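So the chains spell out like this:
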Amino acid sequence: MCTVTEIQKDFSGGKFDKAHNWAFQKYGKDGIVTLALEGELPWIKLWIDVRNAIEHPEKNRFVEMLNFSLEANRGIRLPTWRFIHPDYDMARPQNLLEAFENCINNILLFFEDLQIALIDGHLPSRMKVFIEYIPLENRDVSLPLRYKFHSRFESI
């Protein structure tokens with residue numbers, strides 16, 4: 001077990017692998033933080049690869065985007081994108097707004113999981129936190145939180 005101050009690390013610069021390696025070294029392969037980071041690796045790797053393809057395009061690694069447009073029948077075509085990369089099957093145009101929405105949802109789910117992982121074993125002994133899972137049908141659609149946190153301090 002470690003203190004909260006030991007968790008404060010600088011993983012800036014888009015180095016997700018550094019955070020994962022740190023968690024593996026600190027908590028082991030079955031540590032809750034390690035497992036939380038590993039669970040998010042596929043979609044985070046995708047967006048890292050997308051960023052790299054935008055910043056450093058190559059013949060077999062690039063992103064192509066089309067903005068909103070007005071079609072001949074006066075309909076509005078939503079923006080699309082396609083990602084050309086040998087590791088992904090995303091060459092067909094896809095709805096860009098849905099991709100962004102999926103990414104935002106993944107970030108929010110990751111943040112919720114990380115909150116729980118970082119609370120585990122890192123609270124003062126007098127502080128108790130209770131985590132209540134909110135079933136999908138009971139979530140507020142404008143703020144679809146999966147967990148509700150309750151806390152209290154016990155007297156000495």
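In this text, all values refer to a predicted model and were calculated from it rather than measured experimentally.

Calculation criteria
One numbering rule holds for all chains: residues counted from 1, following each sequence as written. Owing to the predicted nature of the model, reporting of local features is limited to residues with pLDDT of at least 70; listing and counting of side-chain atom pairs is limited to 80 or more, with chain, interface and lining totals taken over all residues. Side-chain numbers here rest on the full set of heavy atoms in the structure, without hydrogens or water. Runs of E in the DSSP output that reach at least two residues are strands. Runs of H or I that reach at least four are helices, and both are numbered from the N terminus. In this scheme, a helix's expected span is set at 1.5 Å multiplied by one less than its residue total. Working definition: with a 1.4 Å probe on protein chains only, accessible area under 20% of the residue-type maximum means buried, over 50% means exposed, and in between means partly exposed. Think of the arc as the fan of directions from the helix axis to the C-beta atoms. DSSP calls a pair of strands paired once it identifies at least 2 bridges connecting them. Lines fitted to C-alpha atoms define the axes, with helix axes restricted to the stretch in contact, and inter-axis angles between N-to-C directions lie between 0 and 180 degrees. Contact criterion: two residues are considered in contact whenever any of their non-hydrogen atoms come within 4.5 Å of each other.

Chemist: What is the right way to read helix α2 (residues 16-27) from this model?
Modeler: Along an α-helix, residues three or four positions apart point the same way, because every turn accommodates 3.6 residues. Counted at 1.5 Å a residue, the expected span for α2 with its twelve residues is 16 Å, and the 16 Å between its end C-alpha atoms agrees. Where α2 is concerned, the buried positions are F16, A19, H20, W22 and A23. The arc that holds the buried residues of α2, viewed along the axis, is 160°, so those residues lie on one side. Positive backbone phi, approximately 85°, marks G28, located one or two places after α2.

Chemist: Any chance you could explain the sheet that holds strand β1 (residues 62-66) here in plain terms?
Modeler: Whether parallel or antiparallel, the strands of a sheet pair through hydrogen bonds between backbone atoms. Pairing within the open sheet is antiparallel, and its three strands lie in the order β1-β4-β5. One side of each edge strand has no neighbouring strand; the edge strands of this open sheet are β1 and β5 (90-95). Averaged over neighbouring strand pairs, the angle between their axes works out to 15° when direction is ignored. Strand direction decides the pairing type here: β1 and strand β4 (residues 80-84), joined by five bridges, are antiparallel. In the strand pairing of β4, F62 is matched with I84. Packing against the sheet, helix α3 (residues 32-55) makes contact with β1, β4 and β5, and its axis sits at approximately 90° to β4.

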